[in-house]
Amino acid sequence: MPSSALSPDAAAPAHRDIRPFNATRQLLLLLLVLGSTVSLLASGRLSVRLIVDGAVSFAFIPALELLALYVVVRRWRERVSFRAVLGAFLAGNQPWLYWLVAIGAVFSVVPPRAIGFVLIDSVAASAIAPFAWALRLDVRFFVDECHRRPPDAVRDALLHRVIGWGLGLTYFFGIAIWSLTQPTIARWLGQ
Amino acid sequence: MRRLRVTAWIATLLGIAAGTLADRPIVQPPLVLGGYRVLAADFHVHSSTWSDGALTPFGLVLEAERQGLDVIAITGHNQVSDSQAGRWFSERVGGPLVLTGEEIHTIGHHVIALGISRTIDFRLPVASQLDAIHEQGGVAIAAHPTPTYAPAFSGVLDRLDGAEICHPVIYAVDDGQQQLERFSAEGYFAAIGSSDFHGFSRLGLCRTYVFATDLTAAAVLDALRARRTVVYGLGGRAYGDPELIRLAESVPRLRTAASTDAPASSLDWLSRVAGVFGLASVVLTQRRWA
């Protein structure tokens, strides 16, 4: 368990985290990093204008993340306060925050004309690391904070991904998602 | 730890302050050549609403202004609503001219439809799509017609008004420029330069200089139909109407303005270094939830 994303008292019961401030702070930090990455990618600098616009553009990510968590938590027989676990859950975004800052740094120094498919594909491929790390943190969150059995925690984390990522990708790519994915699916199927 | 956290936030705010100070619009006086108003345009731009971009339609309008563009088309994937939102916003803030339109996005081909107000059914055959664009008084442009997408236009080349000859693919692929040149040689198209901006790279990285009678949507569409455009591609090579290219050559800033990767200023560097260091430190030192 990477200790950097969970506190030393990660096994503390969920009811200890009742301060909405924690969740709000995690949300604002996520939005700041999302907006800053957009600003660095689009202009090579951090400007208030682009940070705000980028944060608005990608506000659907935390919104869907929380929606998915709500759906997962509501499925449980045991009652768990959604508010109480929010801050702890959002702390599991830390791998993504590292990744976003890293790609922002890279794109801010690469000249626009030098941004080729190799760089874009490399960045996309590198997302596997924060994806796996964040998944592991979420499983640990469900076990430690929500007292779920490990197999159930894995199922919860996967269900959360299916709901959150499914809706997020559908929104992000819009109606073009079919024409974007169909050639890849056809290739996989050998057609 | 507390001191490090404070330092991280100070660095982040310093980076944001420096970047915001450097974030100034490029203002150019109106240019008239050969009796035409020369407009810098980017006709292929994506917003974050349903079209895998990174900026809202409003943010695109402001960014276009920063990049010295007179005209943009926000081309949502198979929908026109975000171009209408962008136009509404730009009219209120005195921003660049926003053409309504979309990118018809299918498996075999992509078409930029400009000057339309209703979405074209992407399931139609390509010929019917092009006809539908023209029925609405619009202009049809072949988007990045590389060998992956070019074959779909076989037999309907005469129904296209323009073709992208400058697109980021010319920088990303070794023979990207040649691929687009080969397609353009197959018909009589307005030369188009578009950034296909999704949030990385730069808005206006590839741009079209439109020789229009006025700064209105109708005048821009008329100029495209009449092929009155000039585009600078890889290595600064000029494409478009030979007479207009000759006129454009008399204004060196058109060629240099086409470059959006001018050296970064000291404020830019301060923003990058302090901002990235600060953000990374903020993330590293954030308080845990408990």
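Reading the values: the criteria
- Residues numbered from 1 in each chain as written.
- Chains lettered and ligands numbered in written order.
- Predicted model: local features only at pLDDT ≥ 70, side-chain atom pairs only at ≥ 80, totals over all residues.
- Helix = DSSP H or I, 4+ residues; strand = E, 2+ residues; numbered from the N terminus.
- Buried ≥ 20, exposed ≤ 12 C-beta atoms within 10 Å, placed from the backbone.
- Contact = placed C-beta atoms within 7 Å.
- pLDDT = per-residue confidence, 0-100.
- Nonpolar A, V, L, I, M, F, W, Y, C, P; charged D, E, K, R; others polar.
- Axes fitted to C-alpha atoms, helices over the stretch in contact; angles between N-to-C directions.
- Parallel < 35°, antiparallel > 145°, perpendicular 65-115°, else oblique.
- Left-handed = near helix turned anticlockwise from the far one by under 90°.
- Core = buried A, V, L, I, M, F, W, Y, C linked by C-beta atoms within 7 Å.
- Pairing = 2+ DSSP bridges.
- Expected span 1.5 Å × (residues − 1).

Novice: I'd like a rundown of the overall build of chain A, residues and numbers included.
Specialist: Each helix and strand in chain A was counted, giving nine helices and zero strands. Counting every position in chain A, which comprises 191 residues, the buried fraction comes to 41%. Excluding contacts between residues fewer than 6 apart, the proportion of contacts in chain A whose partners are at least 24 apart in sequence is 68%.

Novice: Tell me about the confidence of the model for chain A, and name the residues and values.
Specialist: Confidence in the prediction of chain A, expressed as mean pLDDT, is 85, and 86% of residues score 70 or more. Low confidence marks residues 1-18 of chain A, where pLDDT is under 50. Its contacts with residues over four positions away, or in another chain, come to 37 contacts.

Novice: Can you tell me about the interface of chain A and chain B, naming the residues and giving the values?
Specialist: The interface is formed by 53 residues belonging to chain A together with 44 residues belonging to chain B. For the side of chain A that touches chain B, the leading source of residues is helix α5 (residues 94-109) of chain A, giving nine residues. Partitioning the side of chain A that touches chain B into residue classes produces 30 nonpolar, 16 polar and seven charged.

Novice: Could you give me a rundown of the packing of helix α2 (residues 57-66) of chain B against helix α3 (residues 81-93) of chain B, with the residues and numbers involved?
Specialist: All names here are of chain B. Interaxial distance between α2 and α3 falls to 8 Å at its minimum, and their mutual angle equals 50 degrees. On the basis of their axis angle, the class for α2 and α3 is oblique. Where α2 crosses over α3, the handedness of that crossing is right-handed. In contact with Pro57, Phe58, Leu60 and Val61 of α2, α3 contributes Asp82, Ala85, Gly86, Phe89, Ser90 and Val93. In the contact of α2 with α3, the residues fall into seven nonpolar, two polar and one charged.

Novice: Break down the nonpolar core for me, with residues and values.
Specialist: With 124 residues, the main nonpolar core has Ile72(B), Ile141(B), Val210(B) and Val220(B) as its most contacted residues. With eight residues, helix α1 (residues 20-43) of chain A is the single largest residue contributor to this core. Beyond its immediate chain neighbours, meaning those up to four positions away, Val210(B) contacts Leu39(B), Ala41(B), Val71(B), Val220(B), Ala223(B), Leu224(B), Arg228(B) and Thr229(B).

Novice: Quick one: what's the story with the environment of Ala238(B), residue by residue and with numbers?
Specialist: Here Ala238(B) lies in strand β13 (residues 238-240). When near neighbours in sequence (up to four residues on either side) are disregarded, Ala238(B) contacts Val230(B), Tyr232(B), Ile245(B) and Ala248(B).

Novice: Explain the pairing of strand β10 (residues 190-193) of chain B to me, using residue names and the numbers behind them.
Specialist: All names here are of chain B. In β10, alternate side chains face the same way, and those of Ala190 and Ile192 on one face and Ala191 and Gly193 on the other are all buried. Bridging between strand β9 (residues 162-166) and β10 involves four bridges; their strand directions are parallel. What sits directly across from Ala163, in β10, is Ala191.

Novice: Lay out unusual backbone geometry in plain terms, naming residues and giving numbers.
Specialist: Backbone geometry places Trp50(B), a non-glycine residue, at a positive phi of 75 degrees. By the element assignment, Trp50(B) lies in the loop between β2 (36-45) and α2.

Novice: Give a description of α3(B) that names residues and reports values.
Specialist: End to end, α3(B) covers 19 Å across 13 residues, agreeing with the expected 18 Å (1.5 Å per residue, within 8%). For α3(B), the set of buried residues is Asp82(B), Ser83(B), Ala85(B), Gly86(B), Arg87(B) and Ser90(B).

Novice: Residues and numbers for the pairing of strand β12 (residues 229-232) of chain B, please.
Specialist: Residue and element names in this part refer to chain B. Both faces of β12 are covered, namely the face carrying Thr229 and Val231 and the face carrying Val230 and Tyr232. In the sheet, strand β11 (residues 208-212) pairs with β12 via three bridges, with the strands oriented antiparallel. The partner of Thr208 across the bridge, within β12, is Val231. One ladder, built from three bridges, connects β12 with β13; its direction is antiparallel. When the sheet's bridge partners are listed, Val230 is paired in β13 with Gly240. Linkage of β12 to β13, two consecutive antiparallel strands, is achieved through a turn of five residues, within which Gly235 is found at a positive phi near 70 degrees.

Novice: Before we move on, could you go through the packing of helix α7 (residues 128-144) of chain A against helix α8 (residues 150-173) of chain A and cite the residues and values that matter?
Specialist: All names here are of chain A. For the pair α7 and α8, interaxial distance at closest approach is 8 Å and the crossing angle is 130 degrees. Here α7 lies oblique to α8, going by the angle between them. Crossing hand, α7 versus α8: right-handed. Only Pro150, Ala153, Val154, Asp156, Ala157 and His160 of α8 make contact with α7, whose side of the interface consists of Leu135, Asp138, Val139, Phe142 and Val143. Its residues assigned to classes, the contact of α7 with α8 shows eight nonpolar, one polar and two charged.

Novice: Go over the sheet that holds strand β7 (residues 110-114) of chain B with me, naming the residues and quoting the values.
Specialist: All names here are of chain B. Sheet architecture is open: six strands sit in the order β4-β6-β7-β8-β9-β10, paired in mixed fashion. A strand with exactly one partner marks an edge of an open sheet, and here the two such strands are β4 (76-77) and β10. In terms of strand pairing, strand β8 (residues 139-142) meets β9 through two bridges, oriented parallel. Among the inter-strand pairings, Ala142 is bridged to a residue of β9, identified as Ala163. Sheet strands touched by helix α4 (residues 126-135): β6 (101-105), β7 and β8. Its angle to β8, the strand with the most contacts, is close to 145 degrees. Packed on one face of the sheet, helix α6 (residues 176-184) meets β8 and β9 and runs near 155 degrees to β9.

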